[in-house]
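Overview (structure and organization)
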Number of protein chains: 2
Amino acid sequence: MVNEKSFLLGNTGSAIRELFEYGKKRKAIVGEDNVFDYSIGNPSIPSPSIVNETLIKLLKEKEATSLHGYTSAVGDLNVRRAIVEYINKTYSVNEKPELVYMTCGAAASLTITMNAILNKGDEIIALAPFFPEYRVFCEKAGGVLKVVPCRKEDFQIDFDLLAKSITKNTKGIIINSPNNPTGVVFKEDTIKKLASLLEAKEKEFNTDIYIISDEPYRELVYDKETIVPYVTKYYANTIVCYSFSKSISLPGERIGYILVGANCKDAITVYKAIAGAGRSLGFVCAPALFQYMIPSILGHTSDLSIYKKNRDLLYKTLTDYGYQIAFPDGAFYLWVKALEDDANKFAEHAKKFELLLVPSDSFGMGGYVRIAYCQDPLMIERSLPAFKKLILDYKK
Amino acid sequence: MVNEKSFLLGNTGSAIRELFEYGKKRKAIVGEDNVFDYSIGNPSIPSPSIVNETLIKLLKEKEATSLHGYTSAVGDLNVRRAIVEYINKTYSVNEKPELVYMTCGAAASLTITMNAILNKGDEIIALAPFFPEYRVFCEKAGGVLKVVPCRKEDFQIDFDLLAKSITKNTKGIIINSPNNPTGVVFKEDTIKKLASLLEAKEKEFNTDIYIISDEPYRELVYDKETIVPYVTKYYANTIVCYSFSKSISLPGERIGYILVGANCKDAITVYKAIAGAGRSLGFVCAPALFQYMIPSILGHTSDLSIYKKNRDLLYKTLTDYGYQIAFPDGAFYLWVKALEDDANKFAEHAKKFELLLVPSDSFGMGGYVRIAYCQDPLMIERSLPAFKKLILDYKK
């Protein structure tokens, strides 16, 4: 008998991945151009040229044993300094390099953070809809994932419901803004209100409640007026889980970091627990070459104007057709109300028009589909008639 | 309260790392050339040029979104095919690419394997002396690490003791050949005897007992007649945990794999549990660029002749001086009997001669020190008089 939970996780493909595999098969049958695959959040825009230029420069110029050698387990100090300098300048905060821990991407940032702070039975709140792996990571770390749905009208936090859901066992709340799967951003007033609520609850229960700010989409916002607040500025007990995967199109390279807010209570204790959790999970250090790349690419992103055009075209066209969609300020997802109650049946029906849409149930909420619009703009244009046919079919 | 175990692991530096830090400070005081730091197993020989050439070629020629994009969670199929083709040809076995899972190095290979196979309370046997993190990884996965000392005369397996130590709760045994910290290799007759014993015990208890073969040092052997047997050939329930860190000097890049032996009972179930464990620990995929590099570098190593010279010089000189050392067929470590019972006191005393030797207690055995000879040959030559003074000091 192997470990049953591990087996089940390995045996159950994700709904997203299965849809993607279906798409590949379908393309072989009806032709590449005739399938509209909106399943996977894999960046479609290449990294800016500075990424490969920096990597090549490092490979040519840095001494090999040092370039490919172990870094400190928490990450190279100069790299952490560069990150903090950039963050402090960009967001007017006062973070510290000695509270930054380099990781193999956002998933690692989250598992390490949860294994650092959770004791058996502690609760983590996820605001639905949420990235399905939150549950996997939390439960593996011995925690209990408590789901609090967002308001259906705008997918912002339902503060009354949240206030009722926080107990003495609440160890943290994950926020993910810009959000996967809705694309919604939590603006400054929301973060302030959340901070007040959590501070009140910390006093009420005499506990520490961490905001775990999952930020792979931080830079993916498309309008000048959309500001994604830096959470440590508003709330002391904040742990930022960052990844370079999405904004600079490096998802396969696994590079990111955890930042413990400088004002976090017992910040050093939390940081040490993070280092210990990373160690026990088998993360020796984040990939060295990609660490050394970071100082040169901070502030750079892939050409996001393509995602913006995709968003604008899809949002406008689909709402014109009659679809209901929460306006997405960022990330590269649209969250669309299914045209029948059962999102799985709706997504199944959409396949008849070669539209591959991810049903919402795995995100902790029924009745919607997710559209990942990090796709070739030509595919998006070709797909529009199919969306029209789909809604007309439901109006019959 | 953060998670106490995580905090303690993060708060307790490893003995090796602390000695290394001491060395850096000491060098600042007495001069770089006057400290003989044998603490860390960080390869001192650069990777062969094909490593950086391949990486640069990939960066220049492979399309960026595909190069840096997610690979399959289990690893790119072409990469796994290349690995298996190389293994099958080199070791005359019949392994399968669909049973290879790409990882972020040996530590990840081990944590993922243990989280895949262990249920709470299952026992893993480690043969002392052993790499200290085995205990950390095993206990984090819910297992119990049971220590079985090797024979003191040659640091080979004490089969009588091992036979008595296997129970119905034994889920696996870790072997690490060439060994850290002794450098000892388990030859074919040893692996055959181990296989027979485990098969008998599997029958006796009606259980599956896995050999977890931890192989970061597989290619680091220095004499033509030293063959490191490929374990799947001798024992069905074998899981190989491999890393490219040591043999090709890429420890910071975190790239390796798990191979489930094709004859392993319920191999597909074990493999799925591995995929699930990797998922729940936060390993999304192994770094993509380094995966794609692998087919070009299989069979290459760093210039190991330098390690061989280091070994030969140190082993001969120190035994001539009167030190007792198990002959090391491989890896880059010497395991030296301390000149007093307490290895910590001995290592402390050696510091007076600026010799930094790792006391053996953290490897699960008192009374020895580990010398990592993956060092500059000039440092090794300079250090010899210090070793002489140290032993003379004990003979006073």
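Per chain, residue numbering runs from 1 following the sequence as it is written. Labels are handed out in written order, letters beginning with A for the chains and numbers beginning with 1 for the ligands. Local features are withheld for residues below a pLDDT of 70 in this predicted model, meaning they are given only at 70 or higher, and side-chain atom pairs are given and counted only at 80 or more; totals for whole chains, interfaces and linings count all residues. Think of the side-chain values as coming from all heavy atoms in the structure, minus any hydrogens and water.

To keep it simple, the criterion reads: UniProt positions are given in the numbering used here, feature names are shortened, and annotations may be inferred rather than shown by experiment.
As annotated in an unreviewed UniProt entry, chain A carries the name Aminotransferase and comes from Anaeroplasma bactoclasticum. Within the UniProt record for chain A, the comment given under Sequence similarities (unreviewed entry) is "Belongs to the class-I pyridoxal-phosphate-dependent aminotransferase family."

1. Looking at the packing of helix 13 (residues 343–350) of chain A against helix 14 (residues 377–395) of chain A
Residue and element names in this part refer to chain A. Here is the rule we go by: Simply put, an axis is a line fit to the C-alpha atoms, just over the touching stretch for a helix, and the angle between two N-to-C directions goes from 0 to 180 degrees. By the criteria applied, helices consist of DSSP H or I runs no shorter than four residues and strands consist of E runs no shorter than two, each listed in order from the N terminus. Under this scheme an angle from 65 to 115 degrees is roughly perpendicular, one under 35 degrees roughly parallel, and one over 145 degrees roughly antiparallel; angles in between are oblique. Crossing handedness is defined as follows: a turn of the near helix away from the far one that is anticlockwise and smaller than a right angle gives a left-handed crossing, while the clockwise case is right-handed. Here, two residues are considered to be in contact whenever any of their heavy atoms come within 4.5 Å of each other. When residues are sorted by character, Ala, Val, Leu, Ile, Met, Phe, Trp, Tyr, Cys and Pro go into the nonpolar class, Asp, Glu, Lys and Arg into the charged class, and all the rest, Gly among them, into the polar class.
Two numbers describe how helix 13 lies on helix 14: the axes approach to 10 Å, and their chain directions differ by 120°. When the interaxial angle is binned, helix 13 and helix 14 end up oblique. The two elements helix 13 and helix 14 cross, and the hand of that crossing is right-handed. On helix 14, the residues that touch K345, F346, H349 and A350 of helix 13 are L390, D393 and Y394. Split into classes, the residues belonging to the contact of helix 13 with helix 14 amount to 4 nonpolar, 1 polar and 2 charged.

2. Quick word on the relation of the copies chain B and chain A
Applied cut-off: The fit set for superposing copies consists of C-alpha atoms from residues with pLDDT of at least 70 in both; the fit itself is least squares.
Here chain B sits on chain A after a turn of 180° about the axis and a move of 0.0 Å along it, with an RMSD of 0.0 Å. A rotation of that kind, with that shift, is consistent with a two-fold axis. Taken as a fraction of all interface residues of chain B, those also at the interface in chain A reach 100%, which identifies the copy contact as same-surface.

3. With respect to the pairing of strand 4 (residues 144–149) of chain B
All names here are of chain B. Which entries qualify depends on this criterion: Two strands are counted as paired when DSSP detects at least two bridges linking them. For the handedness criterion, the strands are oriented away from the viewer, and a crossover whose path from the first strand over the helix to the second runs clockwise is classed as right-handed.
Pairing analysis gives 6 bridges linking strand 3 (residues 123–128) to strand 4, with the strands arranged parallel. Among the inter-strand pairings, I125 is bridged to a residue of strand 4, identified as K146. A crossover connection joins strand 3 to the parallel strand 4 through helix 7 (residues 133–140); in handedness this β-α-β unit is right-handed.

4. Looking at the side chain of B:K351
All names here are of chain B. The condition that has to hold: A simple rule labels every residue: compare its accessible area, found with a 1.4 Å probe on the protein chains alone, to the largest value its type can have, and call it buried under 20%, exposed over 50%, or partly exposed in between.
Its place among the elements puts K351 in the loop between helix 13 (343–350) and strand 10 (355–356). Residue classification places K351 among the buried positions, given a relative accessible area of 16%. Sequence-distant contacts of K351, defined by excluding residues within four places in its chain, comprise L19, Y22 and L356.

5. Regarding the interface of chain B and chain A
To be explicit about the condition: Buried area, as used here, totals the accessible surface that two parts lose on assembly, with accessibility defined by a 1.4 Å probe and the loss added over both. One speaks of a salt bridge when a side-chain nitrogen belonging to Lys or Arg is within 4 Å of a carboxyl oxygen belonging to Asp or Glu.
At the interface, 72 residues of chain B touch 72 residues of chain A. With both chains or domains summed, chain B and chain A bury close to 5800 Å², and 57% of this area falls on carbon and sulfur atoms. Contact with chain A buries surface across chain B, with B:H68, B:Y70 and B:R279 losing the most and accounting together for 13% of the total. Where chain B meets chain A, there are 2 salt bridges.

6. A look at the nonpolar core
This is how the line gets drawn: Only buried Ala, Val, Leu, Ile, Met, Phe, Trp, Tyr and Cys residues count toward a nonpolar core, and they belong to the same one when joined by side-chain atoms within 4.5 Å.
By size, the foremost hydrophobic cluster in this structure holds 149 residues, and its most contacted members are A:L127, A:L162, B:L127 and B:L162. Setting aside residues up to four positions removed in sequence, A:L162 forms contacts with A:I125, A:L127, A:V148, A:I157, A:I173, A:L194 and A:L197. Ranked by size, the runner-up nonpolar core spans 66 residues in total, among them A:L55, A:L67, A:F290 and B:V84.

7. What about the UniProt feature "domain: Aminotransferase class I/classII large" (unreviewed entry) in chain A?
With numbering aligned to this structure, UniProt lists the feature "domain: Aminotransferase class I/classII large" (unreviewed entry) at residues 36–375 of chain A. Its end C-alpha atoms 9 Å apart, residues 36–375 of chain A is made of 38% helix and 16% strand.

8. Quick notes on the packing of aromatic side chains
All names here are of chain B. How we decide: Side-chain rings of Phe, Tyr and Trp, where Trp is taken by its six-membered ring, are said to pair if the distance between their centres is within 6.5 Å; with planes under 30 degrees apart they count as stacked, over 60 as edge-to-face, and otherwise as tilted.
Under the counting rule described, the total for this entry stands at 37 aromatic pairs over all chains. Seen from their ring centres, Y315 and F327 are 5.0 Å apart, and the 85° between their planes marks the pair as edge-to-face. Here Y315, found in helix 12 (residues 305–321), pairs with F327, found in the loop between helix 12 and strand 9 (333–337); they are 12 residues apart in sequence, far enough to count as distant. The exposure class assigned to Y315 is partly exposed, which follows from its relative accessible area of 22%.

9. Considering helix 13 of chain A
Residue and element names in this part refer to chain A. The criterion, for reference: The directions from the helix axis to the C-beta atoms are what the arc is built from. Pairs of N or O atoms are called polar contacts if they sit within 3.5 Å, as long as, within protein, a hydrogen donor faces a hydrogen acceptor (for residues adjacent in sequence, only side-chain-to-side-chain pairs).
Along helix 13, the positions that sit buried rather than exposed are A343, F346, A347, H349 and A350. Projection of helix 13 onto a plane perpendicular to its axis shows the buried side chains occupying an angular sector of 160°, all on one side. The secondary structure elements touched by the buried residues of helix 13 are strand 10 (355–356), strand 11 (358–359), strand 12 (368–372) and helix 14. Two or three places before N344, at the opening of helix 13, D342 has a side-chain oxygen 2.8 Å from that residue's backbone nitrogen.

10. Quick notes on the domain arrangement of chain A
Residue and element names in this part refer to chain A. To keep it simple, the criterion reads: Boundaries of every domain are those given by an automatic assignment or by a domain database.
Domains assigned within chain A are domain 1 (4–47 + 303–395) and domain 2 (50–297). Centre-to-centre separation of domain 1 and domain 2, based on C-alpha positions: 27 Å. At the junction of the two partners, domain 1 supplies 28 residues and domain 2 supplies 35 residues. Interface area lost by domain 1 to domain 2 is led by S47, D329 and F363, which between them contribute 24%. Across the contact surface, domain 1 and domain 2 share 3 salt bridges. One salt bridge in this structure joins D223 and K308, with 3.3 Å as the shortest N-O distance. Applying the counting rule to domain 1 against domain 2 returns 16 residue pairs in polar contact (both at pLDDT 80 or more). For the side of domain 1 that touches domain 2, the secondary-structure elements that each account for two or more residues are helix 12 (305–321), strand 9 (333–337) and strand 12.

11. What to know about the environment of A:K309
Residues and elements named next belong to chain A. Tracing the backbone shows K309 in helix 12. A residue is classified by how much of its surface remains accessible, and K309, at 59% relative accessible area, is exposed. Here the alpha-carbon distance between K309 and F155, two residues 154 residues apart in the chain, equals 22 Å.

12. Digging into the sheet that holds strand 9 of chain A
All names here are of chain A. Within the open sheet, the 3 strands sit side by side as 9-12-11. Their pairing is antiparallel. Strands at the two margins of the open sheet, each flanked by one partner only, are strand 9 and strand 11. Across 5 bridges, the pairing between strand 9 and strand 12 is antiparallel. Bridging from a neighbouring strand, L334 pairs with I371 of strand 12. Seen against the sheet, helix 13 touches strand 11 and strand 12 and runs at an angle of roughly 50° to strand 12.

13. A closer look at a positive patch on the surface
For clarity, the threshold we go by: Distance thresholds for patches are 9 Å for like charges and 5 Å for nonpolar side chains (Val, Leu, Ile, Met, Phe, Trp, Tyr), applied to residues having over 30% relative accessible area and no salt bridge. Areas reported as accessible are Shrake-Rupley estimates using a 1.4 Å probe. Residue values count occlusion only from the protein chains shown. When charges are counted, Lys and Arg contribute as positive and Asp and Glu as negative, whereas His and the chain ends are disregarded. The atom standing in for a charge is NZ when the residue is Lys, CZ when it is Arg, CG when it is Asp and CD when it is Glu.
Taken together, A:K5, A:K120, A:K140, B:K5, B:K120 and B:K140 make up a surface patch of like positive charges. Take B:K120: it is sitting in the loop between helix 6 (105–117) and strand 3. Here B:K120 falls in the exposed class, since its relative accessible area comes to 81%.

14. A look at the sheet that holds strand 4 of chain B
Hydrogen bonds along the backbone pair up the strands of a sheet, which may run parallel or antiparallel. Residue and element names in this part refer to chain B. Spatial ordering of the open sheet is given by 2-8-7-6-5-3-4, a layout of 7 strands whose pairing is mixed. Pairing within the sheet leaves two strands with one partner each, and these edge strands are strand 2 (100–103) and strand 4. On average, adjacent strands in this sheet sit at an angle of 20° to one another, irrespective of strand direction. Of the strands in this sheet, strand 5 (170–175) and strand 6 (210–215) are in contact with helix 9 (residues 188–205), which crosses strand 5 at around 175°.

15. Section: the environment of B:F205
All names here are of chain B. Relative to the helices and strands, F205 is located in helix 9. With 88 residues separating them in the primary sequence, F205 and M293 have C-alpha atoms 44 Å apart. The residues touching F205, leaving out its near neighbours within four places in the chain, are I166, T167 and K168.

16. Some details on unusual backbone geometry
Between A:S177 and A:P178 the backbone carries a cis peptide bond, its omega angle lying at -5°. Considering the arrangement of structural elements, one finds A:P178 in the loop between strand 5 (170–175) and helix 9 (188–205). Of note, the amide linkage connecting A:N180 to A:P181 takes the cis form, showing an omega dihedral of 20°. Considering the arrangement of structural elements, one finds A:P181 in the loop between strand 5 and helix 9. Within the chain, B:N206 stands out as a residue other than glycine whose phi angle is a positive 55°. One non-glycine residue with positive phi stands out, namely B:S249, at about 60°.

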